[in-house]
Amino acid sequence: MSVKTLAVAIALAAAVVSGCTDSAGSPPQPDAERANSDAEGPVVGDGVRPLVLVSDFGLGLSAGWREGQADVDDAMALALALASDELEPVAVVTAFGNTVERPQATVALPRFLEAAGAEVPVLRGSPRPVPAVPVELNGSEPVDDACLTDGIAELAEVLRSLDDVAVAGIAPLSPLACLARIEPDALASITDVVALMG
C-alpha cells in the first residue's frame with residue numbers, strides 16, 4: 001500500500017468515525033462551490049484519465065429503505081480512485097440505489113470528500129429509475145423529473161469539456177441513461193464504462 005493510499009484510507013476512516021453530522025448534531029450543508037462544476041471544465045494532468053463515478057454512496061448513513069449501515073463499496077472505490085496515479089476523479093454523480101438519494105448528495109459524499117481533502121464536484125443525478133417511455137407534455141416537452149436535475153445538466157457540460165473519459169458505475173447507471181435521452185452528444189467523450197452491479 002502506497003503512502004497516498006494509506007492517507008486516503010485514514011481519511012476514509014475519519015469520515016466514518018465522525019459520522020454524518022457537524023459538532024452541533026446537524027447535517028452539514030453542501031458546499032456551493034463543490035456542488036457545481038467549473039464553467040471551463042475540470043483540469044486533468046497529462047497521462048491521467050478523467051474519471052466520473054456514478055454512485056449510491058452511503059458511507060456513514062444508516063437506515064434508509066433498509067436496516068443497518070450502508071455498504072462501503074462506493075467509498076472504497078472512490079478512495080482508490082483518489083489514490084490512483086492514472087485516474088483523476090472529475091465528478092461523482094449520485095443515483096438512487098441502496099441509500100436515499102438526497103442524503104448522499106447533501107451529507108455523506110461531501111463529508112467524505114472533505115475528510116479526504118479532495119475537491120471533486122458532487123452532482124445530483126437521477127433520484128429514481130428512468131421510465132422506459134419519457135413523460136412528456138402533449139408529446140413534446142419532457143417533464144419527467146428523473147432526468148431533469150441540475151446535476152444531469154452539469155454532467156453533460158463536464159463531459160463536453162473532456163476527452164477519453166472513463167465511467168465507473170457502482171450504482172444504477174441512470175445518469176447515463178438520462179444523458180442518452182436528453183443530452184446524447186455529451187456521451188461522445190466516454191470511451192470506457194466499468195460497472196459493478198448486483
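Residues numbered from 1 in each chain as written. Predicted model: local features only at pLDDT ≥ 70, side-chain atom pairs only at ≥ 80, totals over all residues. Heavy atoms only, no water.

Draft legend 1. Fine view of the sheet that holds strand S7 (residues 190-195). If you walk across this open sheet you meet the five strands as S3-S2-S1-S6-S7, and the pairing is parallel. At either margin of the open sheet sits one strand with a lone partner, and together these are strand S3 (122-123) and S7. The pairing of strand S2 (residues 87-94) with S3 spans two bridges and is classified as parallel. Its bridge partner being in S3, Val 93 is matched across the sheet by Leu 123. (Pairing = 2+ DSSP bridges. Helix = DSSP H or I, 4+ residues; strand = E, 2+ residues; numbered from the N terminus.)

Draft legend 2. Focus on the pairing of strand S6 (residues 165-170). Most of S6 is tucked away, with six of its six residues classed as buried. Neither face of S6 is open: one carries Val 165, Val 167 and Gly 169, the other Ala 166, Ala 168 and Ile 170, and all of them are buried. Bridge count for S6 against S7 is five bridges, and the pairing is parallel. Its bridge partner being in S7, Val 167 is matched across the sheet by Val 193. Taking the sense of rotation as the criterion, the β-α-β connection linking S6, helix H5 (residues 174-182) and S7 turns out right-handed. (Buried < 20%, exposed > 50% of the residue type's maximum accessible area, 1.4 Å probe, protein only. Right-handed = clockwise from strand over helix to strand, strands pointing away.)

Draft legend 3. Quick peek at unusual backbone geometry. For Asp 164, which is not glycine, the phi dihedral falls at a positive 55 degrees. With respect to the secondary-structure elements, Asp 164 resides in the loop between helix H4 (150-160) and S6. Residue classification places Asp 164 among the partly exposed positions, given a relative accessible area of 36%.

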